[in-house]
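Secondary and tertiary structure notes
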Amino acid sequence: MSENSTQDASEDEAKREARSSSSRKARTRNTRGWFKTLMSFAGRCRGRMILAEILSIISVFSGLVPFYSIYRIIDEATSVASPAEMSWDVVMFWVGIAILFYALQQLFFAASTVNSHISAYTILGSLREGIATKLMNASLGTARSKSIGNLKNLVIDRIEQIEIPLAHFIPELSANLLLALAIVVWFVVIDWRLALACIVTVPIGLLVLTLGMQGYYKMYDGYMDEQDRVNSVVVEYIEGIHVVKAFNQATSSYAKFSSAVTGFLSYTLEWMRTSWVATSLAMSVLPTTLLGVVPVGIALYLGGELDPASFGLACVLAIAVVTPVTYLGKAFNDINLVAYCITDAREFLELPELTQGDKPIAVADYGVEISDARFSYIDGVEVLHGVDLSVPAGSFTALVGPSGSGKSTIARLIMRHWDVDSGSVSIGGVDVRKMPLSQLSSLVSVVSQDDFLLDGTLRENVAMGRPGASDEEIDAACRAASCEEFIGRLPKGWDTPAGEAGHALSGGERQRICIARAILKDAPIVVFDEATAFADPENEARIQRSVARLSEGKTLVVIAHRLSTITAADCICVVNDGQIVARGTHDELLAQNDLYASMWKAHIGAADWAAGSHVGEAAAQEGGDAR
Ligand SMILES: Nc1ncnc2c1ncn2[C@@H]1O[C@H](COP(=O)(O)OP(=O)(O)OP(=O)(O)O)[C@@H](O)[C@H]1O
């Protein structure tokens, strides 16, 4: 197929996707109970929220005083026969009162806003921390069941989106409700017919709004889903940009990306198209309070039932009620946004956590014991079928076997990235499920294939191994992991940001930084998942030396891909199809196990092919140094 026709097909697919996005079935969210969830994160700032509420209410009532002042001024002006009889002192007094209370209204409102912002940011901070803790305490399988895009969307975008509405609606919603109510009550005090005239447009506006908002929640669900999809695809696109480039998928022809973007756009436009008439109509009807108040007020005035000052006051109040009424319309949207965000967050907050002990339990030694472990990533697809493995304290055990045989899975069970379905994993006689996760983490250091550097400088990445470590200790760990040579090459050395360094370092060099981190951590058990990709002999030898230093005097479990690195292991376990099918030393297995012998032969052949005929043996010799 030509490149053009591939692109056309991708574009067609993108268009089809975009068309179907508006009809895609949205995930229905149950937003019930969102406020309770939100408030469960308010712990530290409940008092401040109540304060924000009180200040806001004081602000509202302070704001009513200037209206009363206007009433008194009009009353003064209309009760005299000529301007000469006007008491300017009275007028100035009420002007002063109006200014004073207006200033108080603004002051209390500002104080309320400050407190409500602090409350909102505290709540959202706790919410983010809650999600992070949940992910930390859930099994890796559970945590990874959520896409990175989905997570990023929730923890960053969605929470950021609700910061402002949340900060405002905490005090403003009740204040505006109260203000609207107070004005209506005031109208009743002036004349109940004026009160009716003032609110006559409200049911009309609400009716129009209700009719126009039919299907609102379903559309909102879909909108949120489309937003999630765009975020997920954008994250995937950026993370996999090298693959996209390698397969010549330009942005315009990368169907998934284009379809997500155009899908979101068409969904939003479609929603706007179907709802804008009703919302615009409702929003223009709701504020028309004067339309009822003026004619009714004039009729009452002409009938002698309303004095001019009260009529003036009614007109001012009719204008004043517009702000809270339109605010309530806008707040409806804001509240929905917050409710949806909290509902989505709840999905993460309710993730099942790994069970763990409350207090550290003393372990007899640092040996690892796996007994009759069965495990499946996906229900019904068992990948480990009764694994028994005993790694004595201070010994060097290697797991070897064909790709997909289950080596990394065994290591993940030791680290409790997942829990066994049946059987057990214990350290020094204590089941890992009974100890706190923090204790397990302090007992085991992991250097895995997919270890990555976290945001921060390279030095900070190493220092993470033991918070509080001195510079000398960090330097010593880096020297032991043979990092200086390549760190010296970087213009900013140890202060290079990890992201920047990530592009400048080879995979093997990145792994040595992770080894330095593990050396600094100095845990008694080391699990090393050898990287498959960095096969150049020089780098490999350096990694081997670093691992040897890392594992001095420790219990070492290596998941080996290059057999030359583990020939000196105390015990090599051959894993095949989710079971340990043979165990012994290198020489024993070479003599007794066909699978191991053939893997060794293949390895020697590959090493010869990679670096000349003598390298395989040299590598084999070097492997003896792994400890
Ligand atoms: N996260 C996962 N979800 C579902 N299945 C998985 C997952 N990780 C691994 N598997 C499957 O479990 C089996 C064992 O995988 P594992 O990664 O343990 O093999 P391995 O021996 O370490 O392979 P390799 O040498 O290629 O790294 C494989 O069939 C694999 O497809």
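Residues numbered from 1 in each chain as written. Predicted model: local features only at pLDDT ≥ 70, side-chain atom pairs only at ≥ 80, totals over all residues. Heavy atoms only, no water.

You'll find the protein entered in an unreviewed UniProt entry as ATP-binding cassette, subfamily B, with Denitrobacterium detoxificans given as the organism. If you open the UniProt record of the protein and go to Subcellular location (unreviewed entry), you find "Cell inner membrane". UniProt, in the comment section headed Sequence similarities (unreviewed entry), describes the protein in these words: "Belongs to the ABC transporter superfamily. Siderophore-Fe(3+) uptake transporter (SIUT) (TC 3.A.1.21) family." (UniProt positions renumbered as here; feature names shortened; annotations may be inferred.)

Let us look at the UniProt feature "transmembrane region" (unreviewed entry) in the protein. Taken from the UniProt record, the annotation "transmembrane region" (unreviewed entry) applies to residues 49–71, 91–111, 166–188, 194–217, 281–303 and 309–328. Helix makes up 83% of residues 194–217 and strand 0%. Its end C-alpha atoms lie 36 Å apart. Within residues 309–328, the helical portion is 95% and the strand portion 0%, while the C-alpha atoms at the span's ends are 29 Å from each other. (Helix = DSSP H or I, 4+ residues; strand = E, 2+ residues; numbered from the N terminus.)

Where helix α13 (residues 308–320) contacts helix α14 (residues 322–349), the two axes come as close as 4 Å, and the packing angle between them is 20°. Comparing the axis directions of α13 and α14 gives the class roughly parallel. Across from Ala-318, Ile-319 and Ala-320 in α13, the residues of α14 making contact are Val-322, Thr-323 and Pro-324. Taken together, the residues of the contact of α13 with α14 sort by class into five nonpolar, one polar and no charged. (Axes fitted to C-alpha atoms, helices over the stretch in contact; angles between N-to-C directions. Parallel < 35°, antiparallel > 145°, perpendicular 65-115°, else oblique. Contact = heavy atoms within 4.5 Å. Nonpolar A, V, L, I, M, F, W, Y, C, P; charged D, E, K, R; others polar.)

As summarised here, the arrangement of the four strands in space is β2-β1-β4-β5, forming an open sheet in which the pairing is antiparallel. At either end of the open sheet lies a strand with only one pairing partner, and these are β2 (381–391) and β5 (430–431). (Pairing = 2+ DSSP bridges.)

Think of it this way: side chains of opposite charge can pair up when their charged atoms draw near. Inspection of every chain in the model, using the stated rule, returns 13 salt bridges. Note that Arg-128 is salt-bridged to Glu-163, the shortest N-O span being 3.6 Å. Remark: Glu-163 occurs in helix α6 (residues 148–190) and Arg-128 occurs in helix α4 (residues 88–137); sequence separation between them is 35 residues. On the basis of relative accessibility, which here comes to 25%, the residue Arg-128 falls in the partly exposed class. Taking the shortest distance from any N to any O, the salt bridge between Arg-273 and Glu-270 comes out at 3.0 Å. Note that Arg-273 and Glu-270 are positioned in helix α11 (residues 255–285) at a spacing of three residues, about one turn of the helix. In this structure Glu-270 comes out as partly exposed when scored by relative accessible area, which is 30%. In the salt-bridge network here, residues are joined through shared partners; they are Asp-191, Arg-193 and Glu-305. (Salt bridge = Lys/Arg side-chain N within 4 Å of Asp/Glu carboxyl O. Buried < 20%, exposed > 50% of the residue type's maximum accessible area, 1.4 Å probe, protein only.)

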